[in-house]
Amino acid sequence: MGLRQLVIDAWSWLNYKPVMAEAGRPGSRAFPELAKTWVPPQELRRLAAYKVLASYDNNQAGQLAATGGDAGALERRELGDAANLVDTALGYLLGSEQKVAVEGAEHADEETPTPGAAEAVAVQDRLRKWADKELLTFRVQQAERAAVLLGDSVMVLAWNPEKQRPTLRVYDPGFFFPQWDDEDDDFPRKVHLAWELPADDDAGLKARVRRVTYELGPISEGGEEDGDGSAGARTYPWEPGRTSNVTCYLTDAEWLLEDLKSGETLDRLPMGKAAFRVRVDGTELNRLDLMIDFVLVVHVANTIPDGGEHWGRLVLARVLQAPDELAATDSDSSAASATTGTPIIGLAGARLPVDRATGRPQELEVRAGAVWQLGETGRMDALDTSPQLAELRARVDHLLERIAANSRVTAAGLGTLDATEVPSGYALKLALGPLDALIGMMRLVREHKYRLMFKMVQRLDQAGRAEGWTAGETLPARLAWAPHTPTDRGAVLEEVVKAYGAGVLSLETAVMMLVEAGYPIKDASQEVERIRVKAEQEAAARRGPGEGDDDQEERDDPRSTGASATVEKASAREPVSAGR
């Protein structure tokens, strides 16, 4: 008998599942769609892992275990513990809101704004308007839930000539197939998005596979000439003064599954049998020059990948067996509660009623008000399963504690921590320490990806000549996250009042601290302007109509003209211990 193969890779934590233990074609029996000839063999482990994780999110892990030979798994009770952990981690990652922030925009309202601050504000306003129109918050939640659940998510940008703005769509990471020419590259030069389209008998369509390809390559010699007359090169608006011979080509085509032979995998599909899609304007999407020098696909990993890897790890990765244990324990607990509420009773010396039709004794039913006649030596014994039921419930609590600790979401984060066990706010902060580290790591790995996405958005606007966008270098923009845990707003406000009154903080910084603490301030720069205007009005009212201008220096200092008093009034209205 041959030895079982031991596979160690980014999905080794799933090897305990029979569907993942097959080294050759994992999951092919449980997921027939993975047995298609066009699926690259090197991607089967990843795709099978996504399928397994989706089953946990939909309370179908028992059904999946049954396909591996565990017939009793169909009777397991799954109560959404895995999905709850995913949604809890997602909520902490996203915080209460996300905003687009451009570096330098926060200095535009200072008395001496930094160079480029006005331009940064203008770019920030345009990006925020784009985010509102494109439902960025909704798209981010779509992408991030996939990343937290599966370990990866994919966002794709495109220029929409009708809307005159870039569009953003989120794809299942199982559709994402990057082609790495060199493992040392930061980004792939060629990316496939592929999925299978089922047959539609009513429409007369056969089963087919669709593949959308973005590929960087040299500019075709038949293309346009740039300003200096050189063919095969162009100057992009985000890099004025520099020519480039690289562009991105888009190909969107379909193949009938019946036309594909063995060995014709995703990256080897026969182009002679392809049916290319056509745009609304009639352009065939066969190596269409997009007039940009970057691939419009952003892959977001949930964690920092290991060296040589490109895929992230989900929150459930190291505790995935715990939901299985919880389901089994809940099933046992349900069975024990049935015998506790309606116990098994043994009777001796009882006179059982007889069925007149058959002449056989009738079965007794345990119900309220039932009376059984026993003989002189008769007795009744009841099976007490309540101790076992209590032990099973204690085991559920133990498993939840292990999940909270090993996933780093913590008991305080899951909401299972008893508030009476926390002696102080500092103790609660220590209890949330692992969660802080987890969210910090998850946001760190996303920082660069969202910066990259906003860079692409700006460059698409420049390439499409959208209103307000001119040629020039793109400005660094990021996605700003709100605090993931509740903030003591009263304490922050008290700190801001003292620091600003002492002159160690500027008004702009003070307002930004209030924004980060969760105060309902829509725009920090506008709030600063309103505070200054109100301070000047209060100062003018105190001076009176006949007062001179000898105190000009005092009036120029916002702290001496009512701005600090305005913040102090807000402090008086806000309880120091209030939280968000």
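Residues numbered from 1 in each chain as written. Predicted model: local features only at pLDDT ≥ 70, side-chain atom pairs only at ≥ 80, totals over all residues. Heavy atoms only, no water.

(A) Main features of the pairing of strand 15 (residues 477-481). The element strand 15 is extensively covered by neighbouring structure, given that four of its five residues are classed as buried. Sheet analysis places strand 1 (residues 98-102) next to strand 15, joined by five bridges and oriented antiparallel. When the sheet's bridge partners are listed, Val 102 is paired in strand 15 with Ala 477. (Buried < 20%, exposed > 50% of the residue type's maximum accessible area, 1.4 Å probe, protein only. Helix = DSSP H or I, 4+ residues; strand = E, 2+ residues; numbered from the N terminus. Pairing = 2+ DSSP bridges.)

(B) Highlighting helix 6 (residues 136-150). Spanning 15 residues, helix 6 covers 21 Å between terminal C-alpha atoms, matching the ideal 21 Å at 1.5 Å per step. Along helix 6, the positions that sit buried rather than exposed are Leu 136, Arg 139, Val 140, Ala 143, Glu 144, Ala 146, Ala 147, Val 148, Leu 149 and Leu 150. (Expected span 1.5 Å × (residues − 1).)

(C) Seen up close, the layout of surface pockets. Computed from the structure, the largest pocket encloses a volume of approximately 1,200 Å³. Those elements giving two or more residues to the lining of the largest pocket turn out to be strand 2 (152-160), strand 3 (165-171), strand 5 (190-197), strand 6 (208-218), strand 9 (246-256), strand 11 (288-289) and helix 11 (433-463). Counting residues per element, the lining of the largest pocket draws most heavily on strand 2, which supplies five residues. The residue makeup of the lining of the largest pocket, split by class, is 21 nonpolar, three polar and eight charged. (1 Å grid on protein atoms, 1.4 Å probe; cavity = no way out; pocket = protein on both sides within 12 Å on 5 of 7 lines; lining within 4 Å. Points joined across faces, edges and corners; volume = space filled by probe spheres on them. Nonpolar A, V, L, I, M, F, W, Y, C, P; charged D, E, K, R; others polar.)

(D) Quick peek at the sheet that holds strand 12 (residues 297-301). Sheet architecture is open: three strands sit in the order 3-2-12, paired in antiparallel fashion. Each of the sheet's edge strands pairs with one partner strand only, and the pair in question is strand 3 and strand 12. For this sheet the average axis-to-axis angle between neighbouring strands, irrespective of direction, equals 25 degrees. Inspection of the sheet shows strand 2 paired to strand 3 by seven bridges, in the antiparallel sense. Note that in strand 3 the partner of Trp 159 across the bridge is Pro 166. (Axes fitted to C-alpha atoms, helices over the stretch in contact; angles between N-to-C directions.)

(E) Region of interest: the packing of helix 13 (residues 507-516) against helix 14 (residues 524-543). Orientation of helix 13 relative to helix 14, taken along the N-to-C sense of each, is 125 degrees, at an axis distance of 10 Å. When the axis of helix 13 is compared with that of helix 14, the two are oblique. In terms of crossing hand, the pair formed by helix 13 and helix 14 is right-handed. Facing Leu 507, Glu 508, Val 511, Met 512 and Val 515 of helix 13, the residues of helix 14 in contact are Ala 524, Glu 527, Val 528, Ile 531 and Arg 532. (Parallel < 35°, antiparallel > 145°, perpendicular 65-115°, else oblique. Left-handed = near helix turned anticlockwise from the far one by under 90°. Contact = heavy atoms within 4.5 Å.)

Note that every value here comes from positions in space, so none of it alone points to a role or purpose.
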